[in-house]
Each structure stands twice: as C-alpha cells, then as structure tokens.
Number of protein chains: 2
Amino acid sequence: MTEEHLSSFHPPLPPTTEDLLVSWLRLLRSRRVGVTTFFRLIKEHGTAEAALQALPDVARAAGVQSYAVCPEGVVHAELKAGRAAGATLVRYGTPEYPQALSDIPDPPPLFWAIGDLALVHRPMVALVGARNASSLGTRMARTLARELAEEGFAVVSGLARGVDTAAHHAALEGGTIAVQAGGVDVLYPAENADLAHQIGQKGLRLSEQPMGLQPMARHFPRRNRIISGLAQAVVVVEAAAKSGSLITARNALDQGRDVLAVPGHPFDARASGCNMLIRDGATLVRSARDVIEALARPQAPELPLVPPAVPPAPERSLRDVAALHSEILSRIGPSPVAEDQLIRDLKTPAKAVAPILVDMEMNGLIERQAGGLLARSTAAK
Amino acid sequence: MTEEHLSSFHPPLPPTTEDLLVSWLRLLRSRRVGVTTFFRLIKEHGTAEAALQALPDVARAAGVQSYAVCPEGVVHAELKAGRAAGATLVRYGTPEYPQALSDIPDPPPLFWAIGDLALVHRPMVALVGARNASSLGTRMARTLARELAEEGFAVVSGLARGVDTAAHHAALEGGTIAVQAGGVDVLYPAENADLAHQIGQKGLRLSEQPMGLQPMARHFPRRNRIISGLAQAVVVVEAAAKSGSLITARNALDQGRDVLAVPGHPFDARASGCNMLIRDGATLVRSARDVIEALARPQAPELPLVPPAVPPAPERSLRDVAALHSEILSRIGPSPVAEDQLIRDLKTPAKAVAPILVDMEMNGLIERQAGGLLARSTAAK
C-alpha cells in the first residue's frame, strides 16, 4: 500500500514506513500548514513527499518569497524526543486512531500518546468546565467522572485546574484521557504534573502538538476540538457565560456531539453558561445516569461523512483572485467568521474560494480555528 | 334570560337574580356535589332549581337513603357572611369571571373575592414553590414577582409560607392574587394574616370554598387547579421531588398552561423537582425576562373546548350497573386514577360510565380530584 492509491473519494492512506511518516510529519510541521491544508495538499499532490516538494512554489504563488518547509532534522529530533518520552505517534487512518476523532472535519493527521491507547476504543464522555470551579462544581465533576468510569466510559478532559482536575482524579482508576494543548511531554499546568504522570501510567495523555511545545492561548481552542471530537458527549459541569467551555460546547454541537450541562441556581453566576446551554436545548444532567440515558437515546441520523473535497483549481484571472483576496480580508474582521458563511457572503463558488483560502493561510494572512472558523492571523506560526 | 335556554352545547347561563343565585349556591354546597356533578346536574335538569328538586331521587337511586340538599338557611348565612366580609360572589359565565379559569375542565361555578377584581383581567402568571424554601428560593420568588408585576402581570400564588409569601409581598404594589384553600375570610396560615389583609386592600383574594371554612389537606389540590387555571403560565420557583408543586405543575400542563421552572444545582435537594420538570420539557427560567419570552412564543394550538358531554342515560340492566360499580371500585386503588384512563380500562362507553360515576360520587364512594383524577373517598363531605 502506498500513497499513490489516493483518490478524491478516499482519505489519504496512513504512512506505513518511517520515510513516509517523516514526510507526513514534515508537511504537518511546516510553517502555516494547518490540518485542513495538510489534507488538501496531500490530495492535490498525491503524497506528502510530493506536497513537500510543491510547497515552496505554492507559497511563492501566494506571495511568500522565502518559504522553506520544515527541515528533516527537526522532525527526526521530534521523533527521537517522542521515543525518549515513551510516546507513540498515532496516525490518521490506522486502527489505533480513535474512530470518532477521524469523523470530525479537521482530525489531527498525527498525535502523540503516552499511556494506555486501548482507552480510545471505549465509549468516551468529555467533562469540561471552569478552572475556577466552585466546590459544588468540583464535587459534581468527581461524582460524574467516577460513576461514568465505573460504567465503562473513558472520561476525557483537558488537565486544567478545577473541573478537569477533579474529573481526571476521580476517573484515574476507571479510565481517563487528558488531551493536552502543548506537547504531550509538557506537563501544564505545573501543579498538575503529578496528576499528568499518573494519567500517563494508568490512563492516556495525548497531543497533536510537537514534543516540547509550551502551550499558548491559541492552542487551547484547537485542543478543545479534540476533546469533543473523541467523545460521544460533552458534559459542561460548571461554566459562566462567555466562558471557554461554552465555545467547546458549541463546537461539539458542530461536530454532531451531544451536549449536556449541569444546571445551577440562576443567582450563581458560575452556572449561567450551563443554564444557557440547557435553555438552548442541551440535556440537563443531575447524575451519571442522566448522561448514560442521553447516550442511549436514538441519535439523529448522522450526516454523510464526505471527505473534504479538493476540486481541481479552476482557471482564474489574476484580477479575480486579487479582488477575492481583498474582499475576503475585508470580511474577516476582528472576530472569526465561519468558512461556509464567508463563502456564501462572497457569492463565489466554494471551489474558487478554497484554493485562495489555502494561499492566504500559507501567506500567514488568515488562520483556521476550531469549528470551521477563519480569523485574521494574530501570530506567525 | 333564564336558565331554560340551556342546550347541551352551551354552558349554563349565570344566575341573574338573587333567587337563581341561591339555587346555584344550594346545589353547589349540597353534600357530594362537586364541580363536575354541579354542571352535569344543571345540564340534565335544565336549572339549578330543578336539579335541587331531583337531587334526593338521584341520591336514592345511588343507594343513599337519607340525602338532603343544602338548606336554604345555610346559603343565606353564607351570603350574609360574604357581604359582612366585603366579599363579592363571582359567577361562572359573567364578564367578571376570569376567562382563562372558565376554560379549565372543572371551573368553580362560583367563587368569593375580596379586593380588586379588575386584576383577573390582566395577564396572570402563577409562582409556586416550597413552603420551606431556601433563601435563594425566596429571593428568586421576590425578584420574579416584582419584575413580572412591573411588566403588567398579576402574580398568582397560594398565600402559603416560603415562595408564596415572598411572591405576594414583592407583587403587592404591582398586582397580586392569592387563591385560598379555605374560606376567603379565613386567613391561613395565621402568620400571613397581615399579608392577607394587605392583599385584600391592594390586590385580590379569592376562594371557591364557603365563607368560614377552615382549610384541610384535601382542599389544597382543588385550590391549586384554580391557581394554574387563572394563569397563562406556572413558574415553579423551588420544589423538591414529590412535592405538591410538582402536582400543581402536572395539572397545569393538563390545563394547557405553560410550565416553567427555576433550576438549581443537582446537589441541592430543594431543586430536584424543578430540575426534573426542566428535563421533562419545562422552560428553564433565570429571570422574569425568560418568563415573558416564553409567553410571547406562539402556543401549541388549543384543544377544542368541548363542554362536558351529558348524554341521556342509556338503558342499563341492574346487573350491568352492579358489575360496573364493583369493577370501578376495584380499579380505583389507594392512588387516584385518571377518569379517561379508567373508562378506557373498563372497555365500556364513556356515556355508560359517566352516570355511574355521578352516582358513586353522590354516594360518597369516590371523589373527584384536580386534573380529572378519581380517588376512593377519604372523607365524607
């Protein structure tokens, strides 16, 4: 099996040799190549190797003169660091890769894992919530996590303070998965280093980021899509209005995941996000039993899973492209917009817009965020 | 206009003279004549006067030998007591009668009122909840009641401790209605006598019970159907599982009323009833704004309002009747059953069962409860 078998109707085959793996990792770690661009480039060029060769030209065509792909040495260093940390590099398309995660629109092509990889084949429930959780919130996280783990669910969370910490602790023996925003070997926050070690021994830690990466603010929304992507359902245990947990919940809905929430009294501001979710249709959770019942309900029929379409680039005049370019920039203001909404607003066929968005992402002008959102770049990658 | 105009498709015309009123009140106050039986007898016999004349025979046919209708003197005493208390007797079918209340299956034919009767023509919202409410619960009741009254709603409640008291107090200036389980002149509980006086001056108190009646346990469910019957929506502010407020909520649903509930943390037992209601589809309430929004939503189409059908009594053999009698008694166990369910279970046409149920009610064997429920009698009336 080689990558030549790729057709436009099948996802890329996973790398089966060390060389192919190195090419995947180099492509993924190259500047401004996000997950969507990664899969698009592989489709357009047949293999990661071919994509790597084409990348400087693609960048030049997008106006970036001095583009260089990720050096092979960097990738070898990452692979070495991974081995040293006892981590496994899990590849999209292999049996080790979690099925649910491969169904989201932007699955990580590769992720590092430390611990018991069998956990990703259990049914998974994500518990998310406030870092500054109340004592009610952390107690509820503990109770839910322990009971869900006892019922055979792996409890997924983000290793943060508050709700995450309580959930991981309570599910440590039963089965818990921590999805990290930085490198899988970077134990963040420091106060959870001990918990992280224990999860590596009894549960599972994973991250799509390079070994050694210190997590920054922009890594957390990307990480959160993996938390909800792994799970059948996301339970928001405690969340204020406008909190990050609500963004996770919204993205989870976009991924077709069940969203559930623990209510609180309206005078308790720390419950306001959860109450808002329930008003908007999230299932009210009082106990693990409520979660399990919700999962047992017949689901809405799944949307057909179409791999991201990569149409052949249509002939476009330079003038058209320039016009689209500046219109796109004018439409992406300070707050991110959804890609599909942008394309509708542009009144231009998606297949004409898509390659321009790739150019602009390569160019560092725009960034893809979780949930199909596009934003003006805030930092060069 | 006289009562002779009654047809089987129109509700009885209200009494327009003192004599007719006395007949209505005598019929209503006669032993074992509940609301349903009251309307049925008037339909069957044309007028209250005729029904009163027929009543001893009806009772005898049901096996009650020594039945006597309510003496005229008792009714005159009640009317005199009402006048002395400054109360008005509001008659079903008059413009003073609240429209919403006349639409429930068992509207009181008459009720006593003290205070500002114009309040019943405002949009009304009921606030109900625990007598042993938490401080969060009473604070929420106050906030909701004050804000709803400011928005022009009359706030309906039951003058009980806890949530009721807080709601009435907060809506005293804006507009509040207390529905009492005992006589409208009986200030119960005693600690709320002062509040009750104030409601009589600035708001409205009402009761379908005779003047002077001390409320007993069985009067409260009957009273609760009036609270929800008056209101467009019932907001459960705080309620434990298996509390009376939940029964009120369920009956409110049967009456086609919106049911809303204030959530609480699942570890707070006093919120468990509210959380259960929300799981079952009640609208989650965080503020008066949420209540008003819910009321502004388009309603489900109303069920066609069919006046209780009073078919001509079919010919039945004594043996049939006796068999039905004992089967009905065997099916009404310690917990009440719904009349329509009972009729389905009996596999006997409703028009054959209905007159037997009247007999049995007259006979004191069964009792009608709010929400169309039938129960074995616990007390002779």
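Please refer to the structure higher up on the page.
Conventions used here
By convention here, each chain's residues receive numbers from 1 onward along its written sequence. Chain letters and ligand numbers both follow the written order, the letters beginning at A and the numbers at 1. Local features in this predicted model are restricted to residues whose pLDDT is 70 or higher, and side-chain atom pairs enter the listing and the counts only when it is 80 or higher, whereas totals over whole chains, interfaces and linings include all residues. Only heavy atoms go into the side-chain values, all of them from the structure, while hydrogens and water stay out. Each helix is a run of H or I in the DSSP string that is no shorter than four residues. Each strand is a run of E no shorter than two, and both are numbered from the N terminus. Only protein chains enter the area calculation, which uses a 1.4 Å probe; residues under 20% of their type maximum are buried, those over 50% are exposed, and those in between are partly exposed. Contacts between residues were defined by any pair of non-hydrogen atoms, one from each residue, lying within 4.5 Å. In these tables, accessible area is a Shrake-Rupley quantity obtained with a 1.4 Å probe, and a residue counts as shielded only by the protein chains included in the view. When DSSP finds two or more bridges between two strands, those strands count as paired. Buried area counts how much accessible surface, traced with a 1.4 Å probe, disappears from two parts once they are put together, with both parts' losses summed. For this document, the term salt bridge refers to a Lys or Arg side-chain nitrogen within 4 Å of an Asp or Glu carboxyl oxygen. Think of a polar contact as two N or O atoms within 3.5 Å of one another; within protein, one of them needs to be a possible hydrogen donor and the other a possible acceptor, and neighboring residues in sequence only count if both atoms come from side chains. Under this grouping Gly is polar, as are all residues other than the nonpolar Ala, Val, Leu, Ile, Met, Phe, Trp, Tyr, Cys and Pro and the charged Asp, Glu, Lys and Arg. Our superposition of the copies is a least-squares fit, built on the C-alpha atoms of residues whose pLDDT is at least 70 in both. The term disulfide is used for any two cysteine sulfur atoms that are within 2.5 Å. The reported arc concerns the directions from the helix axis to the C-beta atoms and nothing else. Looking down the strands as they point away from you, a crossover is right-handed if its path from the first strand over the helix to the second goes clockwise. Helix axes are fitted only over the stretch in contact, all axes being lines through C-alpha atoms; the angle between N-to-C directions runs from 0 to 180 degrees. By convention, the crossing between two helices is left-handed when the near helix turns anticlockwise from the far helix through less than a right angle, and right-handed when the turn is clockwise.

Colleague: What should I look at first to understand the overall build of chain A in this one?
Modeller: A count of helices and strands for chain A gives 15 helices and 12 strands. Taken over 381 residues, chain A has a buried fraction of 54%. Summarising the internal contacts of chain A: among those between residues at least 6 apart in sequence, 71% fall at separations of at least 24. Within the structure as shown, chain A displays about 16700 Å² of accessible surface, and the carbon and sulfur contribution to it stands at 55%.

Colleague: Mind showing me how you'd approach the sheet that holds strand β10 (residues 337-338) of chain A here?
Modeller: As a general point, the strands of a sheet are linked pairwise by backbone hydrogen bonds and lie either parallel or antiparallel. Strands sit in the order β10-β12-β11 (chain A) across an open sheet of three strands; the sheet is antiparallel. Edge positions in the sheet fall to β10 and β11 (366-369) of chain A, since each has one partner strand and no second.

Colleague: Please explain the interface of chain B and chain A as it appears in this structure.
Modeller: Reports of interface size often rely on the accessible area that becomes lost once the parts have come together. Listed by partner, the interface residues are 20 residues for chain B and 20 residues for chain A. Between chain B and chain A, a total of about 1900 Å² is buried, with carbon and sulfur atoms accounting for 67% of that surface. It is His-265, Phe-267 and Arg-279 of chain B in chain B that bury the most area against chain A; as a group they hold 37% of the surface buried on that side. One can count four salt bridges joining chain B with chain A. The salt bridge partner of Asp-290 of chain A is Arg-279 of chain B, with a shortest N-O separation of 3.5 Å. At the surface where chain B touches chain A, the tally comes to four residue pairs in polar contact (both at pLDDT 80 or more). Looking at the side of chain B that touches chain A residue by residue, the classes come out as 10 nonpolar, five polar and five charged.

Colleague: Explanation requested: the relation of the copies chain B and chain A in the structure shown.
Modeller: One copy of the chain maps onto the other through a rotation about an axis plus a displacement along that axis. When chain B is fitted onto chain A, the two copies agree to an RMSD of 0.1 Å after a turn of 180° and an axial shift of 0.0 Å. The two molecules are tied by a two-fold rotation axis, judged by turn and shift. Proximity to the rotation axis, assessed at the C-alpha, singles out Gly-264 of chain B in chain B; its C-alpha lies 2.1 Å from the axis. When the interface residues of chain B are mapped onto chain A, 100% of them are again interface residues, pointing to one common binding face.

Colleague: Hey, could you run me through the state of the cysteines in this one?
Modeller: Applying the stated criterion across every chain, the model contains zero disulfides over all chains. Free of any disulfide, Cys-274 of chain A has its nearest neighbouring cysteine sulfur in Cys-274 of chain B, separated by 17 Å. Classification of Cys-274 of chain B by relative accessible area gives buried; the value is 0%.

Colleague: Would you take a moment to explain helix α12 (residues 288-296) of chain B for this structure?
Modeller: Because each turn of an α-helix spans 3.6 residues, side chains separated by three or four positions in sequence point in the same direction. The complete set of buried residues in α12 of chain B reads Ala-288, Asp-290, Val-291, Ile-292, Ala-294 and Leu-295 of chain B. Buried-residue contacts for α12 of chain B involve α11 (272-279) of chain A together with β3 (124-128), α6 (135-150), β7 (233-236), β8 (258-261) and β9 (283-284) of chain B.

Colleague: Please explain helix α14 (residues 339-346) of chain A as it appears in this structure.
Modeller: All names here are of chain A. Listing the buried residues of α14 in full gives Glu-339, Leu-342, Ile-343 and Leu-346. Angularly, the buried residues of α14 cover 95° about the axis, an arc narrow enough to put them on a single face. Once α14 ends, the next one or two residues include Lys-347, with phi positive near 55°.

Colleague: For this particular structure, what's the right way to read the sheet that holds strand β3 (residues 124-129) of chain A?
Modeller: Residues and elements named next belong to chain A. Pairing within the open sheet is mixed, and its nine strands lie in the order β1-β2-β6-β5-β4-β3-β7-β8-β9. Of all strands in the sheet, those bounded by a partner on one side alone are β1 (88-91) and β9 (283-284). With three bridges joining them, strand β4 (residues 154-157) and strand β5 (residues 176-179) adopt parallel strand pairing. Residue pairing for β5: Ser-157 is matched across the bridge by Ala-178.

Colleague: Sorry if this is basic, but what is going on with the pairing of strand β8 (residues 258-261) of chain A here?
Modeller: For a regular strand, side chains alternate in direction, first toward one face of the sheet and then toward the other. Residues and elements named next belong to chain A. In this sheet, β8 lies alongside strand β7 (residues 233-238) in parallel orientation, the contact comprising four bridges. Looking at β8, one finds that Val-236 is bridged to Ala-261. Each parallel crossover has a hand, and the one from β7 via helix α10 (residues 244-254) to β8 is right-handed. Pairing of β8 with β9, which is carried by two bridges, proceeds in the parallel orientation. From the neighbouring strand, Ala-261 faces β9, where its bridge partner is Leu-284. Viewed along the sheet, the connection from β8 through α11 into β9 turns out right-handed.

Colleague: Where do I start with the packing of helix α6 (residues 135-150) of chain A against helix α7 (residues 163-170) of chain A in this structure?
Modeller: Two quantities define a packed helix pair, namely the angle between the helix axes and the distance between the axes. All names here are of chain A. α7 packs onto α6 with a crossing angle of 30° between their chain directions and a minimal axis gap of 8 Å. Considering only the axes of α6 and α7, their crossing is right-handed. Where α6 abuts α7, its residues Gly-137, Thr-138, Ala-141, Arg-142, Ala-145 and Arg-146 lie against Val-163, Ala-166, Ala-167 and Ala-170. A per-class count over the contact of α6 with α7 returns six nonpolar, two polar and two charged.

Colleague: Help me understand the environment of Ala-59 of chain A, please; the structure alone is not making it clear to me.
Modeller: All names here are of chain A. Tracing the backbone shows Ala-59 in helix α3 (residues 48-61). A relative accessible area of 0% means that Ala-59 is categorised as buried. It is 20 Å that separates the C-alpha atoms of Ala-59 and Glu-327, two residues lying 268 residues apart in sequence.

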